[in-house]
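# Structure at a glance
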Amino acid sequence: MEIILTHDQVDFDALASMVAASKLNPEAAMVLPKQQSDQVRHYLALYRDNFHFLSENHIDWEKVSHVILTDTAHLSRTEAPSALSSDIPITVYDHHPLVEEDKQEHVTYVVENTGAAVTILIEEIIKQQMEISSYEATLFALGLYTDTGSFVYPDTTVRDLKAAVFLKEKGMQLDLVQQFSEEALTAIEQETFQAYLSSVENVDEEGLHIVIASLSADHFVGNLNVITSRVLETTGADAAITVTSMKNKIFIIGRSSSDRMNLLPVIKHFNGGGHKKAASASVKKRSISSIIKEIKELLHTSISTAVRADFLMSAPVKTILQHTTINEAKNQMLYYGHNGFPVVDENGKLIGIISRRDVDKANYHNLGHAPVKGYMSTSPVTITKHTSFEQIQQLMIQYNIGRLPVIENEKIIGIVSRTDVIEYMHNRSSKDNRAPANIREQIETLLPKDTIALLKKAGSLAETKNMKAYIIGGIVRDLILGSPSEDIDIVIEGDGISFAEAFADDINGTVTPHEAFGTASVETENGSKLDFTTSRTEYYEKPAALPTVVRSNIKEDLFRRDFTMNAMAASLEPDSFGELIDYFNGLEDIKKKNLRVLHNLSFVEDPTRILRGIRFEARFSFRMDEETEAFLRHSAASIFALSHTRVIAELKHIFQETNPAESLSRLHELGVLNKFLPGSIWSTKTSAVLSLLLNKWEQQERRLSIKEEWFFITACLYTENEETAKRLERISATKPQKKTARDFAVLMNDATDDVFTSEGAFHEFAFHLDDDALFLAFLALQSSGEQRKARIVRVYRTKRKKLPRWVNGDDLKAAGLTPGPAFKEYLFQLEKAFLNGEITNRKEALAYIKSQM
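Nothing here was measured: the structure is a model prediction, and the numbers come from that model. (Residues numbered from 1 in each chain as written. Predicted model: local features only at pLDDT ≥ 70, side-chain atom pairs only at ≥ 80, totals over all residues. Heavy atoms only, no water.)

### Digging into the overall build of the chain
A tally of helices and strands in the chain yields 37 helices and 29 strands. Relative to a compact globule of 853 residues, whose C-alpha radius of gyration would be 29 Å, the chain shows 37 Å and is clearly more extended. By its C-alpha atoms, the chain is 140 × 80 × 55 Å across when sized along the principal axes. For the chain, with 853 residues in total, the buried portion stands at 51%. Intrachain contacts of the chain at a sequence separation of at least 6 include 65% that bridge at least 24 residues. Accessible surface for the chain amounts to roughly 40,000 Å². Of this, 48% is attributable to carbon and sulfur atoms. Averaging the positions of the 96 positive and the 117 negative side-chain charges in the chain gives two centres separated by 6 Å. (Helix = DSSP H or I, 4+ residues; strand = E, 2+ residues; numbered from the N terminus. Rg over C-alpha atoms; globule rule 2.2 N^0.38 Å. Buried < 20%, exposed > 50% of the residue type's maximum accessible area, 1.4 Å probe, protein only. Contact = heavy atoms within 4.5 Å. Areas by Shrake-Rupley, 256 points an atom, 1.4 Å probe, with all protein chains shown as cover. Lys, Arg positive; Asp, Glu negative; His and termini not counted. Charge placed at Lys NZ, Arg CZ, Asp CG, Glu CD.)

Here it is in structure tokens:
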């Protein structure tokens, strides 16, 4: 067992280094020390679920075979027990100076002269060309910035700066780095800081907590901006404004941690300037009290409308009953990808919260059979739909909880999770306060006027019913790509069928419900058609199984989609018509022509997504990104669990929409072709056979009795040799296809050279063989350069279809032959003679009979 350790009193560099080491050593377990800095503790209160940490109590120390130390070179500074073997292999990643006499023989030291330990590990991640997420980049940046003092400490190196550039390219969020980092103060600054805290006046304005602090200093105090930032961090306020009288001037400094608080209106009133979250001004000949009074009067001009729980929450909420067992709760968490559930009684009243950690603890003690009511957190912290984002964030930190049920009339109407908070913070940061993307213009340009009117009517009706309506999936993608779409899917957060019925009544249309699927189709008076669906999520009982679908919300509905470009929706609400719902950065992927799956188990759950991915690559000229390809290759084993019927259905789509040769070549390149088509081979020969087939089809050659195109295309991959020909029957789906496969195997294995001396000789061998098998044999021979044999087969096929019936049984009797088995042989010999060109009419046929008597 490999483990990753770091020192006690974990700071951001230690935490970041552990996570980076885990990226490089995915099999190693991260052991999180109990003692953490306040900043790290606050960070983990929000982000803990993003990482898989173990405590020292969950480690079987006797089984530890390798220790990775980060941000320290001394095992004694970690939570490793003293009983740990003294000669166990250890790898150290550290940036603190290490003297030679402290080194040990069984330890591998990677100690570099960098400003932060995480820099060393970032360099290794870059070297190995590994991908990191925005969350990881931001955590690594916290380690880097805090240990280098935002790159002003003397120990900062060029390597640290290069590491920061890499993190910025990978999506680190600097505002979050600032929010969670900390700067040290001098003694004088500490006195000023304490004086500010003693004078703090708390102001609550439109849901924000703002502190105003003041000080009259009889000596110079520097770094007032840093001290003001510390006041903001210490008080936990949404904004802090300090007013300091010093040497005939009054300095006004503001710092904000909330996007709702724009300091500039207040500061500019005093002729100051700066940024929305950091601004300052100085004035002369004014009193502190008069300035504070004006600030209070101006605060409302700096505060924007609050983001509330009803915007952030997910609904409907999945709950479990108090009698649900721990094991059942664990399975539900696995199915839905949740880290916890609200627990309700038989009346639907909230009585507790059960988290993944609660479940893990119960299972650790072999209590999987026990009901959750004994292990849930009782008296849960709840919020209303009016609770602001800032209050939600504060509650999660204060109580160290990961989910807040939203209650109205004693019923759960939604839930806000850590993930919702984190995603809002990151999306808010990454959008740089730009307006949300909107495709209203594309809708009104590319869709017929009648369709647009129907969409707007659906949005208005949803609003009156307190529901939400969206267009979703392919139509959104196509509109972004500038293509009109005929298939319009509308997803309803609510009951899709009842909504469709009400919509049909409104427009005098007809509705066809499909209760089993939660869908309904509405046809208008002029024949237009809209499909309505209840927003839903799905889970897979096992890899490659068909999904189980249950009602959910728009976010989870999008999460069940195959690729990010198909996981977007657009609002139909009147006030936000066309506003893009893009949780997974599908718009950015479309711009970059990236084909990206939503999560790492996507192909495991449904391997047919691989085939759809090939189709989308060709259709849109996109390309799977490196991470998606890696997920694909790691999921190959799941393909064998697919039913042949599902594979055939997807292959038909691929061959209809793309160049079959290019798509099959791509599957071969990805290493999964023979997983979908066992026994197939992509080689110079088989690709040549396929090219010849496609060329023949392009030349409008009659396709004879071909069972289905997909079968003949895939059959080309079994023409490599005698052995592959025998495997063709395995992928055949119908009796005629199986006969073709068997006959082709006979041709490839049993046809000796003497069979190809003439069409008549070939008839002796092939008279009973399927024509499609003959065509496939012709392609194989022609592509292999065996032109003479290929010509025999080609001519034979043509002539066999035109075999004349110049002679019958009466003619044979008239010639003096006695009826019996010999009749059949005479007629067969006539066929051979015709095929060889020895007879060309009835007269010659009768003469031929007489010559054989």
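### Comments concerning the nonpolar core
Grouped together as the largest cluster of nonpolar side chains are 122 residues, with contacts concentrated most on Ile 471, Ile 490, Phe 503 and Phe 762. No other element matches helix α33 (residues 771–783), which puts eight residues into this core. Beyond its immediate stretch of four places on either side in the chain, Phe 762 contacts Leu 747, Val 755, Phe 756, Leu 774, Ile 792, Val 793 and Tyr 796. (Core = buried A, V, L, I, M, F, W, Y, C linked by side-chain atoms within 4.5 Å.)

### Here's the deal with the pattern of salt bridges
A full pass over the atoms with the stated rule returns 45 salt bridges. With its nearest N and O atoms 3.3 Å apart, the salt bridge here joins Glu 786 to Lys 789. For Glu 786, a relative accessible area of 33% translates into the label partly exposed. Lys 789 sits in the buried class, given a relative accessible area of 13%. (Salt bridge = Lys/Arg side-chain N within 4 Å of Asp/Glu carboxyl O.)

### Details of the pairing of strand β14 (residues 340–344)
Of all five residues in β14, five are buried; the element is thus mostly enclosed. Here β14 shows no split at all, with Gly 340, Pro 342 and Val 344 on one side and Phe 341 and Val 343 on the other all buried. Relative to β14, strand β13 (residues 320–321) is paired through two bridges, and the arrangement is parallel. By the bridge assignment, Leu 321 is partnered in β14 with Val 344. As consecutive antiparallel partners, β14 and strand β15 (residues 350–355) are separated by five residues, and within that stretch Gly 348 has a phi angle of approximately 80 degrees, a positive value. (Pairing = 2+ DSSP bridges.)

### A short note on the environment of Phe 577
Positionally, Phe 577 belongs in the loop between β26 (569–571) and β27 (580–581). Among residues more than four places away in sequence, those in contact with Phe 577 are Asn 438, Arg 440, Ile 443, Leu 455, Lys 456, Ser 571 and Leu 572.

### Thoughts on helix α3 (residues 117–127)
Every buried residue belonging to α3 is among Ala 117, Val 118, Thr 119, Ile 120, Leu 121, Ile 122 and Ile 125, and all of these are buried. Elements in contact with the buried residues of α3: α1 (12–24), β5 (90–94), β6 (107–111), α4 (134–148) and α5 (158–169). The positive-phi residue at the C-terminal boundary of α3 is Gln 129, with phi of around 55 degrees.

### Examining the sheet that holds β5
In a beta sheet, neighbouring strands are held together by backbone hydrogen bonds and run either parallel or antiparallel to one another. Strand order in this open sheet of six strands is β3-β2-β1-β4-β5-β6, and the pairing throughout is parallel. The open sheet has two edge strands with one neighbour each: β3 (53–54) and β6. In this sheet, strand β4 (residues 66–70) lies alongside strand β1 (residues 2–6) in parallel orientation, the contact comprising five bridges. In the sheet register, Ile 4 faces β4, and the bridge partner there is Ile 68.

### As for the sheet that holds strand β16 (residues 377–378)
The four strands lie next to each other as β13-β14-β15-β16, forming an open sheet whose pairing is mixed. Here the strands that pair on one side only, and so sit at the sheet edges, are β13 and β16. Across the sheet, helix α12 (residues 326–336) is in contact with β13, β14 and β15; its angle to β14 comes to roughly 130 degrees. Helix-sheet contacts for helix α13 (residues 356–364) involve β14, β15 and β16, and the interaxial angle to β15 is about 70 degrees. (Axes fitted to C-alpha atoms, helices over the stretch in contact; angles between N-to-C directions.)

### Considerations on the packing of α3 against α5
For any two helices packed against each other, one specifies the inter-axial angle together with the distance between the axes. Where α3 meets α5, the axes come as close as 10 Å, and the angle between the chain directions of the two elements is 55 degrees. Judged by the inter-axis angle, α3 sits oblique to α5. Regarding α3 and α5, the two cross each other, and that crossing is left-handed. Contacts from Thr 119, Ile 122, Glu 123, Ile 125 and Ile 126 of α3 reach α5 at Arg 159, Asp 160, Ala 163, Phe 166 and Leu 167. Partitioned by chemical class, the residues of the contact of α3 with α5 number six nonpolar, one polar and three charged. (Parallel < 35°, antiparallel > 145°, perpendicular 65-115°, else oblique. Left-handed = near helix turned anticlockwise from the far one by under 90°. Nonpolar A, V, L, I, M, F, W, Y, C, P; charged D, E, K, R; others polar.)

### Observations regarding α33
For α33, spanning 13 residues, the distance from its first C-alpha to its last is 18 Å, which sits close to the expected 18 Å at 1.5 Å a residue. The element α33 is largely enclosed, with a buried count of eleven among its 13 residues. Buried residues of α33: Asp 771, Asp 772, Ala 773, Leu 774, Phe 775, Leu 776, Ala 777, Phe 778, Leu 779, Ala 780 and Leu 781, and no others. Buried residues along α33 sit against α28 (684–698), α29 (709–715), α31 (735–750), α32 (759–766) and α34 (787–800). Here α33 starts with a cap whose side-chain oxygen sits 2.8 Å from the backbone nitrogen of Asp 772, and that cap is Asp 770. (Expected span 1.5 Å × (residues − 1). Polar contact = N/O pair within 3.5 Å; in protein donor to acceptor, adjacent residues only side chain to side chain.)

### Section: the side chain of Asp 94
Assignment of secondary structure puts Asp 94 in strand β5. Every residue in contact with Asp 94, bar those within four places of it in the chain, is listed here: Asp 71, Thr 72, Ala 73, Val 110, Val 111, Glu 112, Ala 117 and Ile 120.

### Here's the deal with the confidence of the model for the chain
Residues at a pLDDT of 70 or more form 95% of the chain, whose mean pLDDT is 88. Considering each helix and strand of the chain separately, the mean pLDDT is smallest for strand β25 (residues 548–551), with a value of 54, and largest for strand β28 (residues 594–595), with 96. Long-range and interchain partners of residues 539–548, a stretch whose pLDDT sits below 50, account for 29 contacts in this model, where long-range means more than four residues apart. Below pLDDT 50 for its whole length, residues 702–707 participates in 18 contacts with residues either more than four positions away or in separate chains. (pLDDT = per-residue confidence, 0-100.)

### Observations regarding a negative patch on the surface
Taken together, the side chains of Asp 495, Glu 501, Asp 505, Asp 506 and Glu 515 define an acidic patch exposed on the protein surface. Take Glu 501: its relative accessible area is 34%, and that puts it in the partly exposed class. (Patch = residues over 30% accessible without salt bridge, like charges linked within 9 Å, V, L, I, M, F, W, Y side chains within 5 Å.)

### Looking at the environment of Pro 316
For Pro 316, the position within the fold is in the loop between α11 (309–312) and β13. Under the relative-accessibility criterion, Pro 316 is labelled partly exposed at 38%. Between the C-alpha atoms of Pro 316 and Ile 126, which are 190 residues apart in sequence, the distance is 42 Å.

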